[in-house]
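Listed below are the residues making up each chain.
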Amino acid sequence: MAAPQTNASTLAVQKETYFSEVPVAYERDDTVLAKIEKRGNEEDMSSRALRFAMQVRPGGAFRQTSFDNGILGLGGATDYLVSTITPIDFVFAVQLSKKAEISTNSTKKSIINVEAREVATSLKQVRTAFDILIQGDGSGILNASPTIAATTWTLPATGPSTSWFYVGQGVSLFTSNMATKRVGTAIITKIDPVAGTLTVDALPSSGVTGDVIAIEGLTAGAGLAQSLFGLAYHVSSANTGTWQAVNRADYPEVRAEEYDAGGAMLALPFGRILINKIAKNLGVDFATGTGMEWLGNLDQKANLEELAQSVMIVN
């Protein structure tokens, strides 16, 4: 008696079923960058530094007098200040082989056109890279306090942790003051967001715990202000140093307002105190309405939600 046909014997003629969509399984936000872009004011520029003027002091002399042959007196004028921004260069390198291109350039051969998707994906990924840098202080540092054990680096649980890194990314190690660059570029081969660890292909020479992880391409000895100037650079209450070639001690107007809560848990009065300080410095119009943006990390968001629950009234 002949044996009945089984499913295994028909696999050669069965069609393969596939899911036509290719979802993205990693973080690719550009929230802060999008907020900045909405304000516009982009400029095409050469390699020379961008120069712009700011009206920092009102000038003039407001006084009371008598129009019955009274003395008007001498007046003053607005004080203008020159600031400069030096352009810097970035690249997002993408490479695929010719065979990969021709093997995936039609729906008969592939569920996606790899070359076209790589271009689209790269444009989105570079926005994420800029979104990360514009939250920084201009140093290009991505993490300032990792625990480095050979090729396994453990990041702090607070802050962005592993979300500012991706597999295949090249990073550099510097001493904390960015004065000394460790020899070699580390390529990230694995990310464990649960454990908060990065695995790299090789440890840059002499890299130790206490070093900082920075983007690839920075120069040794160039200091803490050689990359893209982000929010942490511009929003500073420091009374020393310079802001875009402007001495903060001479022009306190360029300093940001700050309220130091002394490490206390976020409370409702803190935000109001800071808003009031901004209003007293720049005026009420700058401290109300759509001109205000509160940017915080996930820990701060959780703290705000806990505050909201504690003051919520349920009827």
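Scroll up for the structure.
Residues numbered from 1 in each chain as written. Predicted model: local features only at pLDDT ≥ 70, side-chain atom pairs only at ≥ 80, totals over all residues. Heavy atoms only, no water.

Caption draft 1: Region of the structure containing the pairing of strand β8 (residues 197-200). Across 3 bridges, strand β5 (residues 152-154) lies against β8 in antiparallel orientation. Its bridge partner lying in β8, Thr154 is registered against Thr197. Linking two consecutive strands that pair antiparallel, namely strand β7 (residues 186-192) and β8, is a turn of 4 residues; a positive phi of about 70° is found at Gly196 within it. (Pairing = 2+ DSSP bridges. Helix = DSSP H or I, 4+ residues; strand = E, 2+ residues; numbered from the N terminus.)

Caption draft 2: Looking closely at the packing of aromatic side chains. Summed over all chains, the structure comprises 3 aromatic pairs. Taken together, a centroid distance of 3.9 Å and an interplanar angle of 15° make the contact between Phe229 and Tyr233 stacked. Ring centres of Tyr259 and Phe270 lie 5.5 Å apart, and the angle between their planes is 40°; on these two criteria the pair is classed as tilted. Placement of the pair is Tyr259 in the loop between β11 (246-247) and α5 (268-282) and Phe270 in helix α5, with a sequence separation of 11 residues. When its relative accessible area of 34% is taken as the criterion, Tyr259 is described as partly exposed. On the basis of relative accessibility, which here comes to 18%, the residue Phe270 falls in the buried class. (Phe/Tyr/Trp six-rings, centres within 6.5 Å; stacked < 30°, edge-to-face > 60°. Buried < 20%, exposed > 50% of the residue type's maximum accessible area, 1.4 Å probe, protein only.)

None of this, on its own, says anything about what the molecule does.
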